[in-house]
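Examining the three-dimensional arrangement
Chain by chain, the residues:
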Amino acid sequence: MADDMTLRGWLLAEVPRSKWQARSQRFYIGWLEFRRNPVAVIGLIIILGLVGVAALAPWITASDGLEPDLVNRLQAPSAEHWFGTDQLGRDIFDRIIWGSRITLYIVSLVAIIVVPIGLVIGVIAGYLGGLVDSILMRVTDIFLAFPRLILAMAFVAVLGPGLENAVLAIALTTWSPFARIARAEALTVRNSEFILAAQVQGVSTAGILTRHVAPLCLSSVIVRLTLDMAGIILTAAGLGFLGLGAQPPTPEWGAMISLGRQYLIDQWWVPTVPGIAILVVSLGFNLLGDGLRDVFDPKSGG
Amino acid sequence: MDQASSSKAAGPGPALPSKLVKISGVLVSLTLTFLGLTAITFVISRVMPVDPVLAIVGDRASNEVYQQVYLQLGLDKPIYIQYLRYLGQLAEGDLGTSIMTAQPVIEDIKRFFPATLELATIATLLGIFIGVPMGVFAAVHQGRWPDHIVRVVALLGYSAPIFWLGLVALLVFYAKLGWVAGPGRLDVFYDGIIEPVSGILMLDAALARDWDIFYNALSHLILPASILGTFALAYIARMTRSFMLDQLSQEYILTARVKGIPESQVIWRHAFRNVLVQLITIIGLTYASLLEGSVLTETVFSWPGIGQYITNSLFNNDMNAVLGGTIVVGACFVGINMLSDLLYRLVDPRIR
């Protein structure tokens, strides 16, 4: 009983006294599991680092990364310019730091668009079943079978190059796996007793879907989202590299590689450093996603 | 396998129809997916802020000419008729004319596609021949350092931006070390010597017994193919590992070991055979995604394939070429995916 006084005791109590305590407990136990996986913790540290760097950008950079300084162009890495300077004399370190905001902006925007679409379609299809399910899943399958980058390129061709359009194009080609996952989860809970109870109590279908079914799908969707983040970052960087994403002088990492390409042989740091940044961040999301999957679904570890 | 065939001989009745049902199921979804793909490209071509009539007749055409072409293109018809017409044109292989090359898009694609095919095929082969043994090796040594190394390599291959990897490889192996030839498919002075038969340079050179060109083509190909293959390798190794782990934990493996069968036989003859079936799908998926993924690699290595064709057309507002390329790559992607799905259904005895 004395254990109850400590936070740890409260979090591990055998019988939770409130909804809030039960939720915190589930979270804490998941965290204990997660913590045992060193690889996943490294992933989490990388992503937290990314968020931290993006938030603190004004304080850790000396410039805004946009202003040309032609006297100092193409300088090698030094104490003053850690990663050297680019073709316009801008500090590459500063541009990488500011670019982290763009990366975060891209992934959050894609997530904000894709998760609700996937959830709505998947939950409706799984819960209602029948013809609605068939039609919705056909459409999902069609999108699932499409080549992602090519289709994104075709969309950008219509919408015009630019960061927001690239995000939209990526979102259009990314939502389908989420619908599939949400549907699978909805199917498993559809016939459970608490849903029946809600139905008997006269809760509307929309109410059941939003209050009871959708929340249960969320954890699988979030795991998949984390695993997909790396793909989203790589696609966005690829579009940027092709000149279809963020436009100069925006310090988007893919576009930075593209612009630095011609200096590859003599000033190697100009195109290589942004690539390392992309690699680290996408690696971070992959590690984190792997770890989360192990926590939520230990069977499919691989 | 023996059991399956004998049971079929005993009762040929139900086996065949269910197989037919499965095949027709795949065909239906193939058709629907393809219709979806064309619907999207159709919508894109209609939404484009380019007047298709003006693109043909030019600014200075008279109103009558404009009207005539307008009717000719069927733009007065309802949208679904226009879509059906579009499908009809596609069925005839008519993808329109490219503004950039002033040739039918389908002819352009025939010229550019073999280069992509060559690149993606070699990359996939590299992925298979390195990735599969890596995956098996990791699974056998689960939890020990070979396993960790394979996992890290696979994750890195997964996470690296392919265009950046290509640039770094060019810097190291071409510019600094000089081990391989640079961008492009051939050195300039070899260009146009051999008659294109298949369009696949190494094959054509071998057919013509011109080994200088063969080696030059190989030297150009090896770097982009390895870079593109990195992704294939990562994916295949990872999946092989997890499939193998699945099999190795089964009871029949324990039985085999207890019987005193040598470990190498347990791994390759017993466990790996069952993995093989699952790998078909994975390899199909990889191949399809490489056909698509070569866009970025081609850009980095100035590889004159379909990806570069689409990208260049995009920058010249050559929509017929962009959409034609999208349809062809999309169709290959969808087709290969479905084919591997079908193969899997036909080969796996449990599904049969």
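Residues numbered from 1 in each chain as written. Chains lettered and ligands numbered in written order. Predicted model: local features only at pLDDT ≥ 70, side-chain atom pairs only at ≥ 80, totals over all residues.

1. A short note on the overall build of chain A
Looking only at helices and strands, chain A has 13 helices and zero strands in total. Traced from its N-terminal end to its C-terminal end, chain A shows the element sequence α-α-α-α-α-α-α-α-α-α-α-α-α. For chain A, the spread of C-alpha atoms along the three principal axes comes to 75 × 55 × 30 Å. For chain A, the share of sequence-separated contacts (at least 6 apart) that also reach a separation of at least 24 residues comes to 66%. (Helix = DSSP H or I, 4+ residues; strand = E, 2+ residues; numbered from the N terminus. Contact = placed C-beta atoms within 7 Å.)

2. Structural notes on the overall build of chain B
The secondary structure content of chain B amounts to 14 helices and zero strands. Along its sequence from the N terminus, chain B presents helices and strands in the succession α-α-α-α-α-α-α-α-α-α-α-α-α-α. Looking at chain B residue by residue over its 352 residues, the buried ones come to 36%. Restricting to contacts in chain B with at least 6 residues of sequence separation, those with at least 24 account for 72%. (Buried ≥ 20, exposed ≤ 12 C-beta atoms within 10 Å, placed from the backbone.)

3. Examining the interface of chain B and chain A
Counting from both sides, the interface comprises 42 residues of chain B and, opposite them, 33 residues of chain A. When residues of the side of chain B that touches chain A are traced back to their parent elements, those giving at least two are helix 2 (15–47), helix 7 (145–159), helix 8 (162–176), helix 10 (211–248), helix 12 (263–300), helix 13 (306–315) and helix 14 (319–347) of chain B. Broken down by element, the residue count for the side of chain B that touches chain A peaks at nine residues, all from helix 14 of chain B. Here the residues of the side of chain B that touches chain A sort into 27 nonpolar, 12 polar and three charged. (Nonpolar A, V, L, I, M, F, W, Y, C, P; charged D, E, K, R; others polar.)

4. Structural notes on the nonpolar core
Of all hydrophobic cores here, the largest spans 162 residues; its most connected members are M153 and I233 of chain A together with I236 of chain B. Residues from two domains meet in this core; each of domain 1 (2–91) and domain 2 (107–351) of chain B gives at least three. Non-local contacts of I233 of chain A, meaning those with residues more than four positions away in its chain, are made with T103, V107, I278, V281 and S282 of chain A. (Core = buried A, V, L, I, M, F, W, Y, C linked by C-beta atoms within 7 Å. Domains from an automatic or database assignment.)

5. With respect to helix 7 of chain B
Taking 1.5 Å of rise per residue, 15 residues should cover 21 Å, and helix 7 of chain B covers 21 Å from first to last C-alpha, within 8% of that figure. The complete set of buried residues in helix 7 of chain B reads V150, A154, L155, G157, Y158 and S159 of chain B. Residues of helix 7 of chain B that are buried make contact with helix 11 (205–242) and helix 13 (269–296) of chain A together with helix 6 (105–140) and helix 10 of chain B. (Expected span 1.5 Å × (residues − 1).)

6. Focus: the domain arrangement of chain B
Residue and element names in this part refer to chain B. The assigned domain composition of chain B is domain 1 (2–91) and domain 2 (107–351). Between domain 1 and domain 2, the residue contacts involve 15 residues of the former and 12 residues of the latter. Considering every element that reaches the side of domain 1 that touches domain 2, the biggest residue donor is helix 2, with 11 residues. Looking at the side of domain 1 that touches domain 2, its residues break down into 10 nonpolar, four polar and one charged.

7. Some thoughts on unusual backbone geometry
For the bond running from P248 of chain A to P249 of chain A, omega is 5°, close enough to zero to count as cis. Summarising the element assignment, P249 of chain A is placed in the loop between helix 11 and helix 12 (253–260). Despite not being glycine, A102 of chain B shows a phi value in the positive range, around 55°. Summarising the element assignment, A102 of chain B is placed in the loop between helix 5 (79–91) and helix 6. For A102 of chain B, a count of 7 C-beta atoms within 10 Å puts it in the exposed group. Of note in the backbone geometry, S302 of chain B takes a positive phi value of approximately 45° without being a glycine. Topologically, S302 of chain B is positioned in the loop between helix 12 and helix 13. Overall, the presence of 13 C-beta atoms within 10 Å leaves S302 of chain B in the partly exposed class.

8. Quick word on helix 8 of chain B
Because the α-helix completes a turn every 3.6 residues, residues three or four places apart line up on one side. End to end, helix 8 of chain B covers 20 Å across 15 residues, agreeing with the expected 21 Å (1.5 Å per residue, within 8%). Along helix 8 of chain B, the largest kink reaches about 25° and is centred on L170 of chain B. Residues of helix 8 of chain B that are buried sit in contact with helix 11, helix 12 and helix 13 of chain A together with helix 10 and helix 12 of chain B. The positive-phi residue at the C-terminal boundary of helix 8 of chain B is G178 of chain B, with phi of around 65°. (Bend = angle between axes of the 7 residues up to and from the residue.)

9. What to know about the confidence of the model for chain B
The predicted model of chain B has a mean per-residue pLDDT of 81, with 89% of residues at 70 or higher. Mean pLDDT in chain B bottoms out at helix 1 (residues 2–10) of chain B, which sits at 40, and peaks at helix 6 of chain B, which reaches 91. (pLDDT = per-residue confidence, 0-100.)

10. What to know about the environment of F163 of chain B
Among the structural elements, F163 of chain B can be located in helix 8. Between the alpha carbons of F163 of chain B and T97 of chain B there is a distance of 30 Å; along the sequence they are 66 residues apart. The residues touching F163 of chain B, leaving out its near neighbours within four places in the chain, are G238, F241 and I257 of chain A together with L296, T299 and V300 of chain B.

11. Some details on the packing of helix 5 (residues 92–128) of chain A against helix 11 of chain A
All names here are of chain A. Taken N-terminus to C-terminus, the directions of helix 5 and helix 11 make an angle of 140°; their axes are 8 Å apart at the nearest point. Between helix 5 and helix 11, the angle is such that the two are oblique. Handedness of the helix 5/helix 11 crossing: right-handed. Here T103, I106, V107, V110, A111, V115, G118, L119, G122, V123, I124 and Y127 of helix 5 come into contact with helix 11, specifically with L209, V213, A214, C217, V221, L225, M229, I232, I233 and A236. Among the residues making up the contact of helix 5 with helix 11, the classes are represented as 19 nonpolar, three polar and no charged. (Axes fitted to C-alpha atoms, helices over the stretch in contact; angles between N-to-C directions. Parallel < 35°, antiparallel > 145°, perpendicular 65-115°, else oblique. Left-handed = near helix turned anticlockwise from the far one by under 90°.)

12. Comments concerning the environment of V180 of chain B
Residue and element names in this part refer to chain B. Examined against the element boundaries, V180 turns out to sit in the loop between helix 8 and helix 9 (201–207). Sequence separation of V180 and H220 is 40 residues, and the distance between their C-alpha atoms is 6.6 Å. Once you skip the residues sitting within four places of it in the chain, V180 turns out to touch F173, Y174, S219, I222 and L223.

13. What about the environment of Y215 of chain B?
Its place among the elements puts Y215 of chain B in helix 10. The exposure class assigned to Y215 of chain B is partly exposed, which follows from the 13 C-beta atoms found within 10 Å.

14. A closer look at the packing of helix 6 of chain B against helix 14 of chain B
All names here are of chain B. With their axes 10 Å apart at the nearest point, helix 6 and helix 14 run at an angle of 55° to one another. As far as their axial angle goes, helix 14 and helix 6 are oblique. Crossing of helix 6 over helix 14 shows right-handed handedness. For the pair helix 6 and helix 14, the contacting residues are V105, I106, D108 and I109 in the first and N320, A321, G324, G325 and V328 in the second. Within the contact of helix 6 with helix 14, the residues separate by chemical class into five nonpolar, three polar and one charged.

15. A closer look at the confidence of the model for chain A
In this model, chain A carries a mean pLDDT of 85, and residues with pLDDT of at least 70 account for 96%. Confidence drops under a pLDDT of 50 for residues 298–302 of chain A, and excluding neighbours within four residues, the segment shows six contacts in the predicted structure.

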